[in-house]
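Listed here are the chains, written in short residue letters.
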Amino acid sequence: MKIFTFLFFVSTMISPSLLEDEKIIWSEDYKLTWSDFKAPHRKGVSYVASTSSGISFSYSYSDKNGEIDLKVTIHSNFYPKNSWVNPEEASDYILAHEQAHFDISEIHARILRKKISETTFSKNAKKELTSLYNGVEEKRVAMQHLFDKESDHSKIKTKELEWEAFIKQQLIDYDRWK
């Protein structure tokens, strides 16, 4: 019997050394607060806050006489020590924008769970999981950038509200894979 355990971690603007650092795992029962943003705020930028979030997954794999047993755990994480806010400009409106970034990561965690549930894995499970993850991660990063671009980091309120409604609907659409 072969058994492999693997932890894969990637997020924008995060180093692998943060694996042991503080994180908040996404939960529908918990919403971010400004006290979660622990990095020093950056001066000279045109936006008020920055959320550091991403997807992590781990898996165990065993092959017993050709029968593959694969167990995967996926989390959407928020990293307080890499997330910051300018406290002089903090507001509930901006906090909702930052929560939406965390929610986008959760949407993509659910998409990854869905893709994994629909995949029949071979003995190359590590390669196949990594490929699925990379595809989802590329789309997660693209959506994060598009959200900020279209809302101009929350400055265009009509776009912000459209995005928040879209994100809320996506969480509902992928509810089965939470």
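Let us look at the structure shown here. (Residues numbered from 1 in each chain as written. Predicted model: local features only at pLDDT ≥ 70, side-chain atom pairs only at ≥ 80, totals over all residues. Heavy atoms only, no water.)

Moving on: the packing of aromatic side chains. One pass over the structure, following the stated rule, counts nine aromatic pairs. Look at W34 and F37: their rings are 5.0 Å apart centre to centre, the planes differ by 55°, and that puts the pair in the tilted class. Summarising the burial analysis for this pair, W34 and F37 share the class buried. When the centroid spacing of 5.1 Å and the interplanar angle of 65° are considered together, the rings of F37 and F78 count as edge-to-face. Of this pair, F37 sits in the loop between β2 (24-25) and β3 (49-50) while F78 sits in strand β5 (residues 67-78), placing them 41 residues apart in sequence. Note on accessibility: F37 and F78 belong to one class, buried. Among the aromatic residues, those joined into a ring-pair cluster are W34, F37, F78 and F102. Directly above the aromatic system of W177 lies the positively charged group of K114, at a separation of 5.5 Å from the ring centroid. Residue placement shows K157 over the ring face of Y93; its charged tip is 4.9 Å from the ring centre. (Phe/Tyr/Trp six-rings, centres within 6.5 Å; stacked < 30°, edge-to-face > 60°. Buried < 20%, exposed > 50% of the residue type's maximum accessible area, 1.4 Å probe, protein only. Helix = DSSP H or I, 4+ residues; strand = E, 2+ residues; numbered from the N terminus. Lys NZ or Arg CZ within 6 Å of the ring centre and 35° of its normal.)

Quick look at the packing of helix α1 (residues 92-117) against helix α2 (residues 125-151) now. Running from N to C, α1 and α2 point in directions that differ by 155°, and their axes come no closer than 10 Å. For the element pair α1 / α2, the angle class is roughly antiparallel. In the crossing of α1 with α2, the sense of the turn from one axis to the other is right-handed. Here H97, A100, H101, I104, S105, H108, I111, L112, K115 and I116 of α1 come into contact with α2, specifically with L129, L132, Y133, V136, K139, R140, M143, Q144, F147, D148 and S151. In terms of residue class, the contact of α1 with α2 is made up of eleven nonpolar, six polar and four charged. (Axes fitted to C-alpha atoms, helices over the stretch in contact; angles between N-to-C directions. Parallel < 35°, antiparallel > 145°, perpendicular 65-115°, else oblique. Left-handed = near helix turned anticlockwise from the far one by under 90°. Contact = heavy atoms within 4.5 Å. Nonpolar A, V, L, I, M, F, W, Y, C, P; charged D, E, K, R; others polar.)

What follows covers the environment of T73. Positionally, T73 belongs in strand β5. The spatial distance from the C-alpha of T73 to the C-alpha of S60 is 9.0 Å, given a sequence separation of 13 residues. Among all residues touching T73, those that are not within four sequence positions of it are S56, F57 and S58.

With respect to the helices, strands and loops of the structure, S76 is situated in strand β5. Residue S76 is classed as buried on the basis of its relative accessible area, which comes to 1%. Polar side-chain contacts of S76 include one of 3.2 Å to the backbone nitrogen of E106. (Polar contact = N/O pair within 3.5 Å; in protein donor to acceptor, adjacent residues only side chain to side chain.)

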